[in-house]
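# Summary of structural features
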Amino acid sequence: MKRYPVPLVPGPTTVPEAVLDAGRYDFGSGDIEAEFFYQYARVAEKLRSIIRTRHPIAVMSGEAMVVLWGALKSTLSPGDRVLSVATGVFGYGIAEMARTLTSEVKVVGFEYDEAADAEKVAAAIEAFRPKMVTMVHVETPSGVVNPVAAVGEAVRAFGVPLFYVDAVAGAGGAELATDDWGIDLCLLGSQKCFSAPPGLGMVAVSERAWAQIDRTGYQGYDALAPFRQALDRRWFPYTPAWHAIAGLEAACDRILSLGLDSVIRTHAEVAAHTRRRLGEMGLSLFPRRAADSAPTVTAVRVPERMSWADLDRRLRAEGVVMGGSIGPLAGKVFRIGHMGAQAHVATVDAGLDALAKIIA
Ligand SMILES: *Cc1c(COP(=O)(O)O)cnc(C)c1O
């Protein structure tokens, strides 16, 4: 596999050696080894401190989509009302996913280059009285961070039973307070700010979400229910990916040893630095307000006289990989992923120096 010395893709992010080493594995089946259960419990505890929650956490094998789907299927039944806050590919996508489970999905939609307006969301909640509100913390394809705390207040004010938040691209890099913000289903992946390899989806589940999961009774590979007592019963619904969970522990240790507040501050600083340099180069950020630009990924408009394919090829020739975008933004927007182990001014500067040379 060709390696690029300057990794700036907004996930999967570069994996530090210590995380790779921790994931080296040549022994036995996790579900019959006591050490696995101790490790799983430790990983859950470390994840809880990173996303600031006291809720139990399920660690599932699969891409982050496994928990995005699993949390919907485990809590929704036909006829349930879902209000989906959508500002980008994942927000609108989650609404489509919910529609496969209930016809009662209402979208509070915004443009892809803006964050959600919490007051509009509150008005929609008041009018629609949903059972669940869904939203995305950081919209990775468009580099927008959404006001989860403010929407959480509206969720609480109107007594919405379930608040579902895709925090895959924000957790461990952007401010996130799962319990203070009233998040019932906080969805995570291993390969963004954690900088562990892809392949795990994690979800923190509140007490009222567990109660709903029991009522819904969904069964399937992505069902959350078996994880409620998996540790107590030492019974997992499938062979756990022990190597991946071991890597995730090392990834959590990286964040916690640097200090969560310091890691979050670094992401904000690196993002501000990135925006400043892009401005100096005359490039336009994609989010219309700099305040809506995520601390973990910066989305930029592809310069008019260039195609993304051309820019990508020339960046790669300089050893730099950034990300294109997907959905309606494909070809129009590219992204600098300064998240997790990539949140370093030196890494970003190496990428931006190459970019400056190419567009000069
Ligand atoms: C990456 C990402 C996902 C999906 O993660 P996969 O591991 O690719 O399934 C979901 N939501 C957001 C916001 C993401 O950035």
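Residues numbered from 1 in each chain as written. Predicted model: local features only at pLDDT ≥ 70, side-chain atom pairs only at ≥ 80, totals over all residues. Heavy atoms only, no water.

### Observations regarding the sheet that holds strand β8 (residues 162-166)
Test applied: For two strands to be treated as a pair, DSSP must find no fewer than two bridges joining them. Helix and strand labels come from DSSP, where a helix needs a run of H or I of at least four residues and a strand needs a run of E of at least two; each type is numbered from the N terminus. In this analysis an axis means a line fitted to C-alpha atoms, helices contributing only their contacting stretch, and an angle means the value between N-to-C directions, from 0 to 180 degrees. The contact criterion used is simple: two residues touch if any of their non-hydrogen atoms lie within 4.5 Å.
If you trace the seven strands from one edge of the open sheet to the other, you get β2-β10-β9-β8-β5-β3-β4, paired in mixed fashion. In the strand order of this sheet, the two ends are held by β2 (57-61) and β4 (105-109), each with one partner. On average, each strand axis in the sheet is inclined to that of its neighbour by 20°, with strand direction left out of account. One ladder, built from five bridges, connects strand β3 (residues 82-86) with β4; its direction is parallel. The residue bridging L83 from the neighbouring strand is K106, located in β4. Packing of helix α2 (residues 34-51) onto the sheet brings it into contact with β2, β9 (185-189) and β10 (200-205), and relative to β2 it is tilted by some 115°. With respect to the sheet, helix α9 (residues 242-258) is in contact with β2 and β10, its orientation differing from that of β10 by roughly 65°.

### Focus: the domain arrangement of the protein chain
Just so we agree on the cut-off: Domain delimitation in this document rests on an assignment produced automatically or drawn from a domain database. Here's the idea: put two parts together, see how much 1.4 Å probe accessible area each one loses, and the total over both is what we call buried area. For this analysis, a salt bridge means a side-chain nitrogen from Lys or Arg found within 4 Å of a carboxyl oxygen belonging to Asp or Glu. In protein, a polar contact means a hydrogen-donor-capable atom and an acceptor-capable atom, both N or O and within 3.5 Å, with residues adjacent in sequence counting only if both atoms are side-chain atoms; elsewhere, any N or O pair within 3.5 Å suffices. The nonpolar class holds Ala, Val, Leu, Ile, Met, Phe, Trp, Tyr, Cys and Pro. Asp, Glu, Lys and Arg form the charged class, and all remaining residues, Gly among them, are polar.
The domain boundaries assigned to the protein chain delineate domain 1 (6-13 + 260-359) and domain 2 (17-256). Computed over C-alpha atoms only, the centres of domain 1 and domain 2 are separated by 26 Å. Contact with domain 1, which involves 32 residues of that partner, is made by 29 residues of domain 2. Summed over both sides, the interface between domain 1 and domain 2 buries roughly 2,400 Å², with carbon and sulfur atoms accounting for 61% of that surface. By the criterion of area lost to domain 2, the three top residues of domain 1 are L260, I264 and R288, representing 24% of everything that side buries. Inspection of the region where domain 1 meets domain 2 yields three salt bridges. Where E114 meets R288, a salt bridge forms, and the shortest distance between an N and an O atom there is 3.5 Å. Here domain 1 and domain 2 share twelve residue pairs in polar contact (both at pLDDT 80 or more) between them. Partitioning the side of domain 1 that touches domain 2 into residue classes produces 18 nonpolar, eight polar and six charged.

### Considerations on the state of the cysteines
For clarity, the cut-off: Note that a disulfide, as used here, is simply two cysteine sulfur atoms within 2.5 Å. Burial status follows relative accessibility: with a 1.4 Å probe on protein chains alone, a residue under 20% of its type maximum counts as buried, one over 50% as exposed, and anything between as partly exposed.
On inspection of all chains with the given rule, the structure shows zero disulfides. Among the cysteines around C186, which has no disulfide bond, C193 carries the closest sulfur, lying 12 Å off. On the accessibility criterion, C186 (0% relative accessible area) is buried. Looking at C193, the relative accessible area reads 0%, which means it is buried.

### Structural notes on the site of the ligand
Filter applied, for reference: Nearness of a residue to a molecule or strand requires only that one of the residue's heavy atoms be within 4 Å of it. Using the Shrake-Rupley algorithm and a 1.4 Å probe, accessible areas are obtained, with residue cover drawn only from the displayed protein chains.
Around the ligand sit E63, A64, M65, F90, V136, V138, T140, D166, V168, A169, Q191 and K192, and that is every residue in its neighbourhood. In this structure, T140 approaches the ligand through a side-chain N or O atom, which is 2.3 Å from an oxygen atom. At 2.6 Å, a side-chain N or O of K192 approaches an oxygen atom of the ligand. For the ligand, whose unbound accessible area comes to 380 Å², protein coverage reaches 88%. Among the residues making up the shell around the ligand, the classes are represented as seven nonpolar, two polar and three charged.

### So, the pairing of β8
Of all five residues making up β8, five are buried, and the element is well covered by its neighbours. Every second residue of β8 is oriented toward a common face, with L162, Y164 and D166 on one face and F163 and V165 on the other, all of them buried. Across five bridges, strand β5 (residues 132-136) lies against β8 in parallel orientation. Residue pairing for β8: T134 is matched across the bridge by Y164. Pairing analysis gives three bridges linking β8 to β9, with the strands arranged parallel.

### What about the pattern of salt bridges?
Using the criterion set out here, one finds 23 salt bridges in the structure. The partner of D113 in a salt bridge is R288, and the shortest N-O contact between them spans 2.9 Å. Of this pair, D113 sits in the loop between β4 and α5 (118-128) while R288 sits in the loop between α10 (260-280) and β11 (297-301), and the two are 175 residues apart along the sequence. The buried category is assigned to D113, whose relative accessible area is 15%. The closest approach of N and O atoms between R313 and D310, which form a salt bridge, is 2.4 Å. Highlighted residues: R313 and D310, both in helix α11 (residues 308-317), separated by three residues, approximately one helical turn. With relative accessibility at 53%, the residue R313 sits in the exposed group. One connected set of salt bridges, linked through shared partners, spans E35, R42, K46, E249 and D253.

### Here's the deal with α11
For clarity, the threshold we go by: Here the arc refers to the directions that run from the helix axis out to each C-beta atom.
When we look at burial in α11, the residues that qualify are W308, L311, D312 and L315. Projected down its long axis, α11 shows its buried positions confined to an angular sector of 100°, all on one face. Of the residues in α11, the exposed ones pointing more than 90 degrees away from the buried face are A309, R313 and A317. Considering only its buried residues, α11 is in contact with β12 (320-321), β13 (333-337) and α12 (345-359). Just beyond α11, the residue with positive phi is G319, at close to 85°.

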